[in-house]
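Reading the structure
As a plain string of letters, each chain reads:
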Amino acid sequence: MYDWPDLRLATDALWAALARALRARGIAAPDRLERARPREDQWRDPDLLLSQTCGYPYATALRGTVRLVATPAYVADGCEGPLYRSAIVVRTDDPARGLVDLRGRVAAYNAPDSQSGYSAFRAAVAPLARDGRFFAGTVRTGAHLASMIAVAEGHADCAAIDCVCWSLAEHYRVDIAARLKVVAWSPPAPALPFVTAAGRTDDEVEAIRAAVRAVLADPATAATRRALLVAGVEVLDDSAYDVIVDMERAAIAAGYPALA
């Protein structure tokens with residue numbers, strides 16, 4: 001999910017280590033990551049070995065289609081263990097100092113099925129909405145980086161950015177991040193889960209989980225993990241992701257069903 005072009009070498013290196021660890025535990029693993037097919041098709045593939053999905057589609061649509069393997073912990077402002085937040089950003093010269101100052105502005109979001117870019121944004125704004133509205137308009141961009149660019153270039157006034165993406169931009173896209181500032185943070189939620197196909201046996205899931213744990217704690221992958229901001233991994237109860245459904249329900253109950 002964080003497979004930016006700047007990170008491809010590190011992502012491929014991490015996968016190579018994971019593939020070796022999986023094979024060592026009797027799990028067949030391909031040499032290369034699949035990047036050609038849409039992620040939604042991969043998540044629903046009954047042969048899915050390992051992927052990472054946004055928490056919103058996992059909590060609302062993919063349970064029963066995939067199984068939770070583990071939740072990564074990232075080294076980024078806004079992250080705490082396996083939890084993460086969205087950084088709500090505006091341009092550096094914007095006088096806004098908090099969410100209330102964004103009333104009547106134009107918001108950019110990546111996609112309506114994004115926890116960090118849409119649902120968490122909606123949850124943060126819902127208490128401030130009046131008659132189901134808070135913003136003057138919204139712009140769908142398709143990606144967090146595109147939302148940052150939209151705000152930086154003045155096509156929108158604000159956006160909610162996954163805090164890992166925000167930190168990655170501070171590392172790898174300083175040209176964009178330097179033009180933005182954080183004015184608020186969303187409520188926390190479990191980070192983007194690693195998943196496998198629902199049809200995998202318990203033994204297979206445990207083997208996959210063990211491989212992920214080992215690789216994300218291996219000193220040999222430390223440099224690669226630093227590049228990807230990965231600190232490690234934790235195994236959460238599946239119910240931990242219910243907070244994402246609760247956020248949506250609370251916003252709807254508050255009369256703010258859509259970012260508007």
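Structure: above.
Note that the structure is a prediction, hence the values are computed from the model and not measured.

Here we come to the pattern of salt bridges. Opposite charge on two side chains lets them pair, provided their charged atoms get close. In total, this model carries 14 salt bridges according to the counting rule given. We note a salt bridge from Asp238 to Arg63, for which the minimum N-O separation is 3.0 Å. Of this pair, Asp238 sits in the loop between β11 (230–234) and α10 (242–253) while Arg63 is found in the loop between α3 (55–62) and β2 (66–74), placing the two residues 175 residues apart along the sequence. For Asp238, a relative accessible area of 30% corresponds to the partly exposed category. On the basis of relative accessible area, Arg63 is assigned to the partly exposed category, the value being 28%. Salt-bridge contacts for Arg122 lead to Glu248; the nearest nitrogen and oxygen are separated by 3.3 Å.

By the secondary structure assignment, Thr221 is in the loop between α8 (202–215) and α9 (222–228). Given a relative accessible area of 8%, Thr221 falls into the buried group. What Thr221 contacts, discounting residues up to four positions off in sequence, is Ala17 and Val215.

Turning to the nonpolar core, a few remarks are in order. Leu50 and Val212 are the most contacted members of the largest nonpolar core, which totals 70 residues. Apart from residues lying up to four places away in sequence, Val212 is in contact with Leu18, Leu50, Val69, Phe194 and Val233. By size, the runner-up hydrophobic cluster in this structure holds 21 residues, among which are Ile88, Val125, Cys158 and Tyr256.

Quick notes on the rules
Residues numbered from 1 in each chain as written. Predicted model: local features only at pLDDT ≥ 70, side-chain atom pairs only at ≥ 80, totals over all residues. Heavy atoms only, no water. Salt bridge = Lys/Arg side-chain N within 4 Å of Asp/Glu carboxyl O. Helix = DSSP H or I, 4+ residues; strand = E, 2+ residues; numbered from the N terminus. Buried < 20%, exposed > 50% of the residue type's maximum accessible area, 1.4 Å probe, protein only. Contact = heavy atoms within 4.5 Å. Core = buried A, V, L, I, M, F, W, Y, C linked by side-chain atoms within 4.5 Å.

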